[in-house]
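Examining the three-dimensional arrangement
Listed here are the chains, written in short residue letters.
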Amino acid sequence: MSYHVPVLCNAVVEYLAIEPGGIYLDATAGGGGHSAALLHALDSGATVWVVDRDADAIEQATRTLAGDERARVRRASFAELGALLEAEGVCNLSGVLFDLGVSSHQIDAAHRGFSYRSAGPLDMRMDSTQGRTAADIIGAASEKELLQIVRDFGEERRAGAVAKSIVRMRSGAPLQTTDDLRRAVENTRPQMLNKTLARVFQAFRIAVNGELDQLSDGLAAVAGRLAVGGRLAVIAYHSLEDRLVKQGLAERMRGCICPPRMPVCACGRKPEFAKVDRGRIKPSADEIANNSRARSAVLRVFEKIEECA
């Protein structure tokens, strides 16, 4: 069984590998699958920086890419990308990939606590050496804070009921395992249990890892280091991260911001990025049949057309 099956791999290579000898960044290494495919498509003068915040992913990517001197494997979060690229002197990138969310390996590793389908500790940290665990947050947050987490990061309509159930359960004993959190959700008797569980677990995972803030920082860090003609590809798996990408790039695709009443542009602002192709690529039916975790994936690709002023 592979560490993680890369989603939309052929499309990523098709849209990103446009400069055979260029410099590329895979900001979410996973098991190294996307990076290996990119390297296969590039020539001997290319370089691919392979980055992840998860130590397990870095270990696997190092094995996957062993022997290819064009690969540079480093451990860093999205928020640390700017400092890493600055320290390594990386600029004029030809392509950048963000494959968001949680990997198959992370979901399947019960001790990581990402899945409601497996019994394990309520951890959910992508970097297991840093920050609070899901159990820490669930134990310390007020009912109002729990409601906000489940509502805002899980987009769960019954967030209030889930928050009340968590508070009620933890008054007897701390919630320490995935089974504990699962029972708290089950006690609310949702009509579609698995969907509600998925949303609640997603919510606490995002809260634990600060995923949306991390993504904003990562996108900002790479935008200024892409060469004109370079491309940014982002694979998102839920509406929160997809919306953040769309909104963040929409701002960079804006041109003139002068008031409509002005007869000529005075601001001189030009769009920095443009959509590539139709801007929204989905997996084929065959890919979804072979990898069910590709079902919710959406790939968006943007090309840098102007240096930021």
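Residues numbered from 1 in each chain as written. Predicted model: local features only at pLDDT ≥ 70, side-chain atom pairs only at ≥ 80, totals over all residues. Heavy atoms only, no water.

**Thoughts on the environment of Ser216**
Turning to its location among the elements, Ser216 is positioned in helix H11 (residues 211-223). Take Ser216: its relative accessible area is 34%, and that puts it in the partly exposed class. (Helix = DSSP H or I, 4+ residues; strand = E, 2+ residues; numbered from the N terminus. Buried < 20%, exposed > 50% of the residue type's maximum accessible area, 1.4 Å probe, protein only.)

**Some words on helix H12 (residues 239-252)**
Here H12 spans 20 Å end to end across 14 residues, near enough to the 20 Å set by a 1.5 Å rise per residue. Along H12, the positions that sit buried rather than exposed are Leu240, Glu241, Asp242, Leu244, Val245 and Leu249. Looking at the buried residues of H12, the elements they touch are helix H7 (143-154), helix H10 (193-209), H11, strand E5 (226-236), strand E6 (273-275) and strand E7 (298-304). (Expected span 1.5 Å × (residues − 1). Contact = heavy atoms within 4.5 Å.)

**Points about the side chain of Asn291**
You can see Asn291 is positioned in the loop between helix H13 (285-290) and E7. Residues in contact with Asn291, not counting those within four places in the same chain, are Val5 and Val7.

**With respect to the side chain of Asp180**
If you trace the backbone, Asp180 turns up in helix H9 (residues 178-186). Assessed through its relative accessible area of 12%, Asp180 is described here as buried. Reaching out from Asp180, the side chain makes a polar contact with the backbone nitrogen of Gln176 at a distance of 2.8 Å. Ignoring sequence-local partners within four residues, the contact set of Asp180 consists of Met169, Pro174 and Leu175. (Polar contact = N/O pair within 3.5 Å; in protein donor to acceptor, adjacent residues only side chain to side chain.)

**With respect to the nonpolar core**
By size, the foremost hydrophobic cluster in this structure holds 31 residues, and its most contacted members are Leu25, Leu81, Phe98 and Leu232. Where this core is concerned, the elements lending two or more residues are strand E2 (47-52), helix H4 (81-88), strand E4 (93-99), H11, E5 and H12. A total of 6 residues in this core trace back to one element, the largest contributor, which is H11. Among residues more than four places away in sequence, those in contact with Leu232 are Val96, Phe98, Leu219, Val222, Leu226, Leu249, Arg300, Val301 and Phe302. Counting 27 residues, the second largest nonpolar core, distinct from the first, contains Phe114, Ala141, Val150 and Ala163. (Core = buried A, V, L, I, M, F, W, Y, C linked by side-chain atoms within 4.5 Å.)

**Thoughts on a positive patch on the surface**
Together, Lys246, Lys275, Arg280 and Lys282 line one region of the surface with positive charge. With respect to the helices, strands and loops of the structure, Arg280 is situated in the loop between E6 and H13. (Patch = residues over 30% accessible without salt bridge, like charges linked within 9 Å, V, L, I, M, F, W, Y side chains within 5 Å. Areas by Shrake-Rupley, 256 points an atom, 1.4 Å probe, with all protein chains shown as cover. Salt bridge = Lys/Arg side-chain N within 4 Å of Asp/Glu carboxyl O. Lys, Arg positive; Asp, Glu negative; His and termini not counted. Charge placed at Lys NZ, Arg CZ, Asp CG, Glu CD.)

**Regarding the pattern of salt bridges**
Under the defined criterion, the tally for this structure stands at 22 salt bridges. Between Arg125 and Asp123 there is a salt bridge; the shortest N-O distance is 2.8 Å. Residue Arg125 shares its accessibility class with Asp123, and that shared class is buried. Where Glu251 meets Arg254, a salt bridge forms, and the shortest distance between an N and an O atom there is 3.4 Å. Overlapping salt bridges bring together Asp54, Asp56 and Arg112 as one network.

**Comments concerning the pairing of E4**
Burial runs high along E4: 7 of the 7 residues are buried. Across 3 bridges, the pairing between strand E1 (residues 23-26) and E4 is parallel. In the sheet register, Leu25 faces E4, and the bridge partner there is Val96. In this structure, E4 lies alongside E5, joined through 6 bridges in parallel fashion. Across the sheet, the residue bridging to Val96 is Leu232, located in E5. (Pairing = 2+ DSSP bridges.)

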